[in-house]
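The lines below spell out each chain.
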Amino acid sequence: MGEFKVHRVRFFDYMPTAIRAMAFNAHTERLALGRMDGSVEIFNFADRYFQEKVIPGKDSRSIEALCWVGGRLFSAGLNGEITEYDLENLRPKYSLEAYGGPIWTITSNSQGAHLAIGCEDGTVKLFEVLEESIQFERNLDRQKGRIISLSWHPSGTQIAAGMMDMIRVFDVPTGELKTAMLLVDRGFGGSKSRETVVWSVVFLSDYTIISGDSAGKVQVWDGHTGTLVKTHLVTKWDVLALSDESSVVVGTSEGTVIQFQFIAPTLQQQQDKEWVRTRTFKNHTHDVRALAEIETAIVSGGMDTQLVVRPLLEKFDERSHASALRKIQFPHRNLVFCAKKAGLLLFQFPGQLELWRLGESDGHVLFLCDICLQGEDHICCSALSSCGGWLAYSTMSSVRLYRLQTDNNDISISKVPKLPKILRSAHQLCFSSDSSKLFAASSQSSVLVIALSQSECKYVHTLKPKSGQQPIHLMTNSVDGKWLATANSDCEIHVYNVQKLKLHCIVPVYGSCPSAMGIHPTTNNLTMVHADQQIFEYSIVEKQYTDWSRKLQKQGLHNLWLDRDTPVTHVTFNPKNPEQILLHDMHMFCIIDQSLPLPDQKTQFYNQMTLRSLSEQERPSHLHAFKICKTFQDLLSVSLLDDQSLVMVERPLLAITCQLPAPVRQKKFAT
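Only a predicted model underlies this, so the values are computations on that prediction, with no experimental measurement involved.

As for the pairing of strand β21 (residues 227-233)
So, step 1. Two elements, strand β20 (residues 217-222) and β21, share six bridges in a ladder whose sense is antiparallel. Bridging from a neighbouring strand, Gln219 pairs with Thr231 of β21.

See the structure below:
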């Protein structure tokens with residue numbers, strides 16, 4: 001595999017925030033996820049659950065609920081605003097004050113014509129969905145007490161509302177409260193003295209209403225008469241979330257997810273179907289705040305910050321990567337940036353950046369400085385030049401550029417005062433290899449080229465593709481300064497000639513989104529790894545795939561490589577050994593040696609231990625191109641410095657768990 005000196009870095013205190021809401025768009029197979037810090041993440045469930053977009057948070061933004069209307073995404077929160085998102089420019093499109101106090105829930109009718117929100121002041125407010133915005137239409141009958149949860153009947157003519165101690169059913173055409181008033185039992189024992197919060201309701205097509213509440217009950221109601229049909233006591237604590245499709249899924253404050261199905265209780269009673277508890281999953285340590293049931297899986301998230309995809313095995317004919325349990329714990333993008341020549345590390349947090357210097361020996365590091373944001377916006381992206389002389393970051397409203405000067409353990413940092421007016425914000429930033437240019441990914445897949453010098457910062461040109469509306473999520477440039485490659489969430493990869501300031505070529509579009517890419521320092525071949533784990537190598541000069549890439553695709557990658565459940569997030573190269581490609585995902589570090597034969601399906605893929613046990617004479621016959629190292633776990637970043645030392649940035653999941661607040665409800669032994 002080769003010998004490298006390793007800097008093992010574990011002082012990046014990355015801490016994701018809790019998941020508050022999620023919504024699944026069955027038409028586009030996109031899951032939208034909202035976090036406690038106001039950020040929104042979009043996952044493509046048709047592309048191995050790849051996190052294709054991130055809209056950064058904001059201190060004043062609150063997300064309690066998310067809702068899709070066609071391809072449009074809306075959120076509502078305790079700040080009292082409804083927000084629609086611009087998914088092409090990764091920012092809020094607009095926010096609308098609802099004038100009902102904090103908003104607890106938002107939902108759309110099945111026709112996509114109206115939104116309903118539940119407010120603190122006891123109103124259910126209806127908004128008409130227009131082509132470019134939404135418009136307030138009217139209030140339904142005002143109630144005494146906040147509206148916590150809502151669910152439209154599929155016909156769009158009625159809405160069920162969960163409140164404190166009760167469920168109300170409204171007639172939408174008239175706005176009036178129907179005669180059915182469902183009073184929720186407060187529970188048993190000491191809990192009878194406390195109000196019961198109806199955290200979630202589901203209104204089914206047969207007019208059955210299912211509710212989950214703070215007394216730990218899932219209750220089935222007749223929506224016509226308002227009578228209670230059945231009560232399931234599923235926990236001593238809160239039932240926080242419900243999701244409906246062909247079955248009903250329940251999330252609790254104990255971290256359990258419970259599935260109910262409408263089936264006959266016995267084979268002899270096929271005509272007497274009822275809602276029966278069929279499965280219980282325990283994949284979370286804390287409250288389950290959000291749920292979605294898709295065709296083949298149950299998706300859940302909550303206070304423990306991880307997104308869990310639990311496949312329903314009866315939906316699969318055979319075991320495959322699609323039928324495996326997935327836990328998405330790290331972002332599918334870089335938060336760590338390395339100045340390879342200067343030995344500096346930049347860590348990106350939502351509200352600040354940290355700069356560190358690596359020491360001569362493993363474990364010896366020096367904190368240099370941090371840059372804290374002023375204002376409410378969070379950081380979209382950041383970059384550090386390879387020489388360590390420049391640092392840049394962007395929020396949704398501005399770009400900031402700094403000059404750095406380091407002298408041993410001292411650093412001076414100065415903000416560049418005047419930036420070109422066109423440089424307003426960026427989806428991605430990167431510096432050229434010689435630090436003479438800053439590339440900023442702008443709207444519609446375009447890239448701004450900014451020339452840097454000690455005396456000024458000057459706009460040069462905008463690189464524009466022939467087509468492309470989606471935001472750029474990857475950007476890399478060549479060591480010789482000639483080439484720049486970009487990738488967007490439409491799977492388009494554009495290569496620009498930076499010297500001529502024009503588009504050079506478009507890589508043939510492959511159906512899975514690129515998750516990492518890099519340009520080889522000597523051959524200028526572009527290596528791309530996609531969300532489905534496929535690897536391609538493209539000759540920029542010849543505008544075609546290389547022979548090695550064609551051979552790889554013809555033979556096929558090993559199944560153990562393809563079945564991995566986390567995407568490769570970084571590609572780099574070893575200048576001292578041009579045959580080597582270095583890449584990593586969350587669980588492994590890999591060196592691909594292009595001089596060695598590719599492994600076929602009969603080859604022992606993970607063979608490092610076997611190779612160590614063989615003699616020098618036997619070893620060559622067992623070698624293959626993929627050399628996997630799993631010594632380092634929970635990897636956020638791997639970089640190769642100019643001195644041939646590797647920087648492994650780990651964030652142990654146990655460290656994240658230890659920083660979580662104590663579970664609200666924790667089951668104790670024998671209780």
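Following the structure, the description resumes.
A look at the state of the cysteines
So, step 1. A complete count under the given rule lists zero disulfides for this structure.
So, step 2. Unpaired in terms of disulfides, Cys67 finds its nearest cysteine sulfur in Cys119, a separation of 14 Å.
So, step 3. On the basis of relative accessible area, Cys67 is assigned to the buried category, the value being 6%.
So, step 4. With no disulfide of its own, Cys369 lies 9.8 Å from the sulfur of Cys372, the closest cysteine sulfur.

Side note on the nonpolar core
In a soluble, globular protein the nonpolar side chains are often hidden away together inside.
So, step 1. Within the largest apolar cluster, 22 residues are counted, with the highest numbers of intra-cluster contacts made by Ile535, Trp561, Val571, Leu583, Cys590, Ile592 and Phe626.
So, step 2. For this core, the secondary-structure elements that each account for two or more residues are α1 (547-555), α2 (559-562), β50 (570-573), β51 (580-584), β52 (589-593) and β53 (626-629).
So, step 3. Ignoring anything within four residues of it in the chain, the contact list for Cys590 reads Trp561, Ile581, Leu582, Leu583, Phe626, Lys627 and Ile628.
So, step 4. Counting residues in hydrophobic clusters, the runner-up holds 19 residues, among them Cys381, Val399, Leu429 and Leu452.

A look at unusual backbone geometry
So, step 1. One non-glycine residue, Glu29, lies in positive phi territory at about 60°.
So, step 2. Turning to its location among the elements, Glu29 is positioned in the loop between β2 (19-25) and β3 (30-35).
So, step 3. Residue Glu29 is classed as partly exposed on the basis of its relative accessible area, which comes to 36%.
So, step 4. Positioned with a positive phi, Ser445 is a non-glycine residue whose angle comes to about 60°.
So, step 5. For Ser445, the position within the fold is in the loop between β39 (437-441) and β40 (447-452).

Some thoughts on the environment of Asn334
So, step 1. Looking at the secondary structure, you find Asn334 in the loop between β29 (326-328) and β30 (336-339).
So, step 2. For Asn334, a relative accessible area of 27% puts it in the partly exposed group.
So, step 3. Between the C-alpha atoms of Asn334 and Lys178, which are 156 residues apart in sequence, the distance is 53 Å.
So, step 4. Setting aside residues up to four positions removed in sequence, Asn334 forms contacts with Thr569 and His570.

Some remarks on the sheet that holds strand β49 (residues 544-545)
So, step 1. Spatially, the four strands line up as an open sheet ordered β46-β47-β48-β49, and their pairing is antiparallel. Of all the strands in the sheet, the pair left with one neighbour each is β46 (514-519) and β49.
So, step 2. Here five bridges tie strand β47 (residues 525-530) to strand β48 (residues 535-539), and the two strands are oriented antiparallel to one another. For Asn525, the partnering residue across the bridge sits in β48 and is Ser539.
So, step 3. Lying on the sheet, α1 is in contact with β48 and β49; it crosses β48 at an angle near 155°.

Brief notes about the pattern of salt bridges
Side chains bearing opposite charge may pair, as long as their charged atoms lie close to each other.
So, step 1. By the definition in use, this model includes 16 salt bridges.
So, step 2. Put simply, Arg20 and Glu64 hold a salt bridge, and the shortest N to O gap is 2.7 Å. Here Arg20 is found in strand β2, whereas its partner Glu64 is found in the loop between β5 (50-55) and β6 (65-69), with 44 residues between them in sequence.
So, step 3. Taking relative accessible area as the criterion, Arg20 reaches 15% and is therefore assigned buried.
So, step 4. Overall, the relative accessible area of 16% leaves Glu64 in the buried class.
So, step 5. For Arg279, the salt bridge goes to Glu314, with nearest N and O atoms at 2.5 Å. Of the two residues, Arg279 is situated in strand β25 (residues 274-282) and Glu314 in the loop between β28 (307-311) and β29; the sequence distance between them amounts to 35 residues.
So, step 6. Through salt bridges that share partners, Arg8, Arg10 and Glu650 make up one connected network.

Things to note about the pairing of strand β10 (residues 103-108)
So, step 1. Most of β10 is tucked away: six of the six residues are buried.
So, step 2. The antiparallel pairing of β10 with strand β11 (residues 114-119) creates a hairpin that spans five residues between the two strands, and Gly112 there sits at a positive phi of about 75°.

Thoughts on the side chain of Arg357
So, step 1. By the secondary structure assignment, Arg357 is in strand β32 (residues 352-358).
So, step 2. The side chain of Arg357 is buried and forms no salt bridge, while Asp407, the nearest opposite charge, is found at 7.4 Å.
So, step 3. A polar side-chain atom of Arg357 sits 3.4 Å from a polar atom in the side chain of Thr406.
So, step 4. Setting aside residues no more than four positions away along its own chain, Arg357 makes contact with Ala342, Gly343, Leu344, Val365, Leu366, Leu368, Thr406 and Asn408.

What counts and how
- As a convention, each chain's residues are numbered from 1 in the sequence order in which they are written.
- Totals for whole chains, interfaces and linings use all residues, but because this is a predicted model, local features are given only for residues with pLDDT of at least 70 and pairs of side-chain atoms are given and counted only at 80 or more.
- Side-chain calculation: all heavy atoms of the structure are included, whereas hydrogens and water are not.
- A strand pair is defined by DSSP finding two or more bridges across the two strands.
- Where helices and strands are cited, they refer to DSSP runs of H or I of at least four residues and of E of at least two residues respectively, numbered from the N terminus.
- Throughout, a disulfide means two cysteine sulfur atoms within 2.5 Å of one another.
- For each residue, the accessible area found with a 1.4 Å probe, counting protein chains only, is set against the maximum for its type, and the residue is called buried under 20%, exposed over 50%, and partly exposed in between.
- Buried Ala, Val, Leu, Ile, Met, Phe, Trp, Tyr and Cys residues form a nonpolar core when they are joined through side-chain atoms within 4.5 Å.
- Two residues form a contact once any of their heavy atoms are found within 4.5 Å.
- With axes taken as lines fitted to C-alpha atoms, and helix axes fitted only over the stretch in contact, angles between N-to-C directions fall between 0 and 180 degrees.
- Within this document, salt bridges are pairs made up of a side-chain nitrogen of Lys or Arg and a carboxyl oxygen of Asp or Glu, the two lying within 4 Å of each other.
- Charge counting treats Lys and Arg as positive and Asp and Glu as negative, with His and both chain ends excluded.
- Two N or O atoms count as a polar contact when they lie within 3.5 Å, although within protein this holds only if one can serve as hydrogen donor and the other as acceptor, and sequence-adjacent residues are included solely when both atoms are side-chain atoms.

The values are spatial; any link to function lies outside them.
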